[in-house]
Amino acid sequence: MVRKPALMEKVAFTSTLRSEGVAARLGVLLGISFTVALVTGLFSHFLQHPPPWLNWPSRPVWLYRVTQGVHVIGGLATIPLLLAKLWTVYPKLWQWPPLRSAAHAAERAFVLLLVAGSLFQLFTGLLNVAYTYPWSFFFTTAHYWTAFIVYGALIIHVATEWSKVRRSVPVPLEPDRRRFLLTAGAASGLTVLLTVGETFTPLKRLAVLAPRNPGIGPQGLPVNRTAEEAGVGPAGAEYRLVVDGTVRAEYSYEELLRLPQHTVELPISCVEGWSASAHWTGVRMRDLVAGAAPDAVVTVESSERPSGAYRVSELRPPHWNDPLTLLALRVNGETLHLEHGYPARLIAPNRPGVMQTKWVKRVTVS
Ligand SMILES: Nc1nc2c(c(=O)[nH]1)N[C@H]1C(S)=C(S)[C@@H](COP(=O)(O)O)O[C@H]1N2
Ligand SMILES: [Mo]
C-alpha cells in the first residue's frame, strides 16, 4: 500500500471542524439552492425560447425581475457554501482503497460529475455576470445543458447520502463546528448584502460587489450593450419606423411623437441579474399593430448590424396586447439616450432585458 504524504495527514485530516453533521447540513442548503437555481433558470430559458404553444403571461410585471434576481444573487450566495462543503469533504478524495466495489465506483463517478459540474456552473456564471468571457463556448447553452447533468448527479447523490442526513441533522453540532457553519452562512449572507442592490434598488448603495449598479448610466439606467458595440449611430431625419406584414404603415420620428403617448413604469430586468425601473413614454404596441389577428406574433427588429444576437425579439399576444407594452420614445421625462435605444425601443412587462430591443426600425405582424 502506498503511504500518504505526511503533510496531508497532518493538515488535511486533523481538523475537527469536519464532520458528517457539517457536511450533511451544507448538503441540505446546497440541495435547496440548486433546486431554486434550476427552477428559476428553466423559467428564464423558456421565456427566451418559448415553444410555439407557450404564450407566457405579461403579468405580474415584476415576476421576471424577481426570478432572475433570485437566480443570479442566489447563485453568487451559493459559492461560499459550495467551497465550505468541498473543504469539509475533500479528505474523502484520499480514501483508501479509492474504489471498493462497482457500486462504490459508480457513486464516486457521480460525485466527481457533481463537483466538477457545480464548480463549472457557479464560476462560469460568476464570470458571465461580470461580463468576462475567458472561453469560446456560448455561455447560455453550456449553462443550460450542464444544469441537467449537475441536477441529475445531485439527485443520485441525495439518494445515496440521505441516510447520513437523516441520522446526523437531528444531532446538535459541537460549538466549533456550529461556528464554522455560521461563518460559511455569514459569507453567503454578505455576498447577498453586497450584490442584491443591483436588482433590489433600496440597497443599491451596498451593491459594491455587483458588476452593474442600477443607478449608473445615462438617464440613471445601466447599459449592457452600447450603441458603438452594436454598430449603431444616431438616426437622422431619414429615420422611418416600418410596420410590415398583415398590418402596414410607416412613421417618421415626428409622426410617432404625434401618436397618442402613454407613460408606464417598468423595469429592465437583465438576464445577468441587475434590474432597474424607469418611467417610459411612447406609443402602445397594440395601437401600432391595430388590426392584427388576435393570435398574431409581432417581431420587433433593431437597426443594429445583422450579426447582433439580440437584434430581434418576438412578442406573443399577451405581450403585444398589454397596454403597458410600448414602443418607447422617452425615458424618465427625457428623449431616449442613444445608449438606451434612440429613436425608439421596446419596453414590455415581465420579460428578460435581452428581449427589450433597442434602436427599433421595423415591426412585423404575422
Ligand atoms: N438591439 C439590441 N437591443 C438590446 C440589446 C442588444 O444587444 N441589442 N441588449 C439587451 C439587453 S441584454 C438588455 S439588459 C437591455 C438593456 O437596456 P439598457 O441598455 O437601456 O439598460 O437592452 C436589450 N436590448
Ligand atoms: Mo441583458
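These numbers come from a predicted model, not from an experiment. (Residues numbered from 1 in each chain as written. Chains lettered and ligands numbered in written order. Predicted model: local features only at pLDDT ≥ 70, side-chain atom pairs only at ≥ 80, totals over all residues. Heavy atoms only, no water.)

Things to note about the overall build of the protein chain
Cut-off, in case you're wondering: Helix and strand definitions here come from DSSP, where helices need a minimum of 4 consecutive H or I residues and strands a minimum of 2 consecutive E residues; each element is numbered from the N-terminal end. Only protein chains enter the accessibility calculation, which uses a 1.4 Å probe; a residue is then buried when its area is under 20% of its type maximum, exposed when over 50%, and partly exposed in between. Residue contacts are defined here by distance: any two heavy atoms, one from each residue, within 4.5 Å place the two residues in contact. Only the protein chains shown count as cover for residues, with accessible areas throughout obtained via the Shrake-Rupley method and a probe of 1.4 Å. Only four residue types enter the charge count: Lys and Arg as positive, Asp and Glu as negative, with His and the chain ends excluded. Every charge is mapped to an atom, namely NZ of Lys, CZ of Arg, CG of Asp or CD of Glu.
Tallying secondary structure elements over the protein chain gives 10 helices and 10 strands in all. Seen through its C-alpha atoms, the protein chain measures out along the principal axes to roughly 80 × 40 × 35 Å. Looking at the protein chain residue by residue over its 366 residues, the buried ones come to 46%. Residue pairs at least 24 apart in sequence account for 70% of intrachain contacts in the protein chain once pairs closer than 6 positions are excluded. Working note: accessible area of the protein chain is about 18,300 Å², and carbon and sulfur atoms make up 66% of it. Charge-centre separation for the protein chain: the mean point of 35 positive side chains lies 11 Å from the mean point of 24 negative side chains.

Digging into the pattern of salt bridges
What counts is decided by this rule: Here a salt bridge means any side-chain nitrogen of Lys or Arg lying within 4 Å of a carboxyl oxygen belonging to Asp or Glu.
Under the counting rule described, the total for this entry stands at 10 salt bridges. When the shortest N-O distance is used, the salt bridge between Glu 174 and Arg 177 registers 3.2 Å. Relative accessible area serves as the criterion here: at 37%, Glu 174 is assigned to the partly exposed category. Linking Asp 244 and Arg 362 is a salt bridge whose minimum nitrogen-to-oxygen distance equals 2.8 Å. Of the two residues, Asp 244 is situated in strand β1 (residues 240-245) and Arg 362 in strand β10 (residues 360-365); the sequence distance between them amounts to 118 residues. In this structure Arg 362 comes out as partly exposed when scored by relative accessible area, which is 26%.

Comments concerning helix α5 (residues 139-168)
Note the cut-off: Expected helix span is given by 1.5 Å per residue-to-residue step, counting one fewer step than there are residues. Fitting axes to the seven residues ending at a residue and to the seven starting there, one defines the bend at that residue as the angle between these axes.
Here α5 is 30 residues long, yet its end C-alpha atoms lie only 38 Å apart, well below the 44 Å a rise of 1.5 Å per residue gives. Where α5 bends most, at Glu 161, the angle is about 55 degrees.

Re the site of ligand 1
Applicable threshold: Proximity is defined per residue: any heavy atom of the residue falling within 4 Å of a molecule or strand makes that residue near it. What qualifies as a polar contact is a pair of N or O atoms within 3.5 Å, subject to a donor-acceptor requirement within protein and to the restriction that residues adjacent in sequence count only when both atoms come from side chains. Three residue categories are used. Nonpolar comprises Ala, Val, Leu, Ile, Met, Phe, Trp, Tyr, Cys and Pro, charged comprises Asp, Glu, Lys and Arg, and polar comprises the others, including Gly.
Near ligand 1 there are 19 residues, and of these Pro 222, Glu 304, His 340, Arg 345 and Lys 358 occur at the shortest range. The contact in question runs from a nitrogen atom of ligand 1 to an N or O atom on the backbone of Tyr 310, over 3.5 Å. In this structure, an oxygen atom belonging to ligand 1 sits 2.6 Å away from a side-chain N or O atom of His 340. Within the complex, 99% of the 530 Å² of free accessible area of ligand 1 lies under protein. Residues that form the shell around ligand 1 fall into these classes: 8 nonpolar, 6 polar and 5 charged.

Focus on the side chain of Gln 219
Structurally, Gln 219 is set in the loop between α6 (175-193) and α7 (227-230). At a separation of 3.1 Å, a polar atom in the side chain of Gln 219 contacts the side chain of Glu 334. Within the local environment of Gln 219, its side chain forms a polar contact with the backbone nitrogen of His 337, the two atoms lying 3.0 Å apart. Beyond its immediate chain neighbours, meaning those up to four positions away, Gln 219 contacts Val 331, Asn 332, Glu 334, Thr 335, Leu 336, His 337 and His 340.

Let's talk about the packing of helix α2 (residues 20-48) against helix α3 (residues 63-89)
The criterion, for reference: Here the axes come from fitting lines to C-alpha atoms, over the contacting stretch only for helices, and the angles between their N-to-C directions go from 0 to 180 degrees. In this scheme, roughly parallel covers angles under 35 degrees and roughly antiparallel covers those over 145, while 65 to 115 is roughly perpendicular and the rest are oblique. In this scheme the handedness of a crossing depends on how the near helix is turned from the far one: anticlockwise by less than a right angle means left-handed, clockwise means right-handed.
At a minimum axis separation of 8 Å, α2 and α3 run at an interaxial angle of 150 degrees. One finds that α2 runs roughly antiparallel with respect to α3. As for the relative orientation of α2 and α3, their crossing is left-handed in sense. By residue class, the composition of the contact of α2 with α3 is 17 nonpolar, 12 polar and 1 charged.

Looking at the pairing of β10
Threshold: Each pair of strands is called paired provided DSSP finds at least two bridges between the two strands.
Examined bridge by bridge, β1 and β10 share 4 bridges and lie parallel to one another. Across the sheet, Asp 244 pairs through a bridge with Thr 364, a residue of β10. Here strand β5 (residues 298-302) pairs with β10 via 5 bridges, running antiparallel. Looking across to β10, one finds that Ser 302 is bridged to Val 360.

Overview of the pairing of strand β2 (residues 249-252)
Sheet topology places β1 next to β2; 4 bridges connect them, and they run antiparallel. Opposite Leu 241, over in β2, you have Tyr 251 as the bridge partner. Taking the residues between adjacent antiparallel strands as the criterion, β1 and β2 are bridged by 3 residues.

Concerning the layout of surface pockets
Just so we agree on the cut-off: Only protein atoms enter the calculation, which uses a 1 Å grid: trapped sets of points that fit a 1.4 Å probe without letting it out are cavities, open sets showing protein on both sides within 12 Å along at least five of seven lines are pockets, and any residue with an atom within 4 Å of a point is a lining residue. Grid points are joined across faces, edges and corners, and a volume is the space filled by probe spheres set on the points.
Considered as a void within the structure, the second largest pocket measures approximately 1,100 Å³ in volume. Taken together, 40 residues form the lining of the second largest pocket, with Lys 85, Val 89, Val 111, His 157 and Glu 161 sitting closest to its centre. Contributions of two or more residues to the lining of the second largest pocket are made by α2, α3, α4 (102-129) and α5. The dominant element in the lining of the second largest pocket, judged by the number of residues it contributes, is α2, at 10 residues. Among the residues forming the lining of the second largest pocket, the class breakdown is 22 nonpolar, 9 polar and 9 charged.

Some details on unusual backbone geometry
Put simply, Arg 59 and Pro 60 share a cis peptide bond, and its omega is -10 degrees. Considering the arrangement of structural elements, one finds Pro 60 in the loop between α2 and α3. In the segment running from Tyr 342 into Pro 343, the intervening peptide bond is cis, with an omega of 10 degrees. For Pro 343, the location among the structural elements is in the loop between β8 (334-335) and β9 (345-347).

Observations regarding the nonpolar core
Across soluble globular proteins, you tend to see nonpolar side chains buried next to one another. Filter applied, for reference: Joining through side-chain atoms within 4.5 Å is the link that ties buried Ala, Val, Leu, Ile, Met, Phe, Trp, Tyr and Cys residues into a set, and such a set is a nonpolar core.
Ranked by size, the top nonpolar core spans 25 residues in total, and within it Leu 241, Met 285, Leu 288, Val 289 and Val 298 carry the most contacts. Elements represented by at least two residues in this core include exactly β1, α8 (253-258), α9 (285-288), β5, β7 (326-331) and β10. Ranked by the residues each element gives to this core, the list is headed by β10, at 3 residues. Discounting residues that sit within four places of it in the chain, Val 298 has contacts with Met 285, Val 289, Ser 313, Glu 314, Leu 315, Trp 320, Val 363, Thr 364 and Val 365. Among the nonpolar cores identified, the runner-up in size contains 21 residues, and Leu 122, Leu 173, Leu 181 and Ala 184 belong to it.

Purely spatial values, then, with no claim about function.
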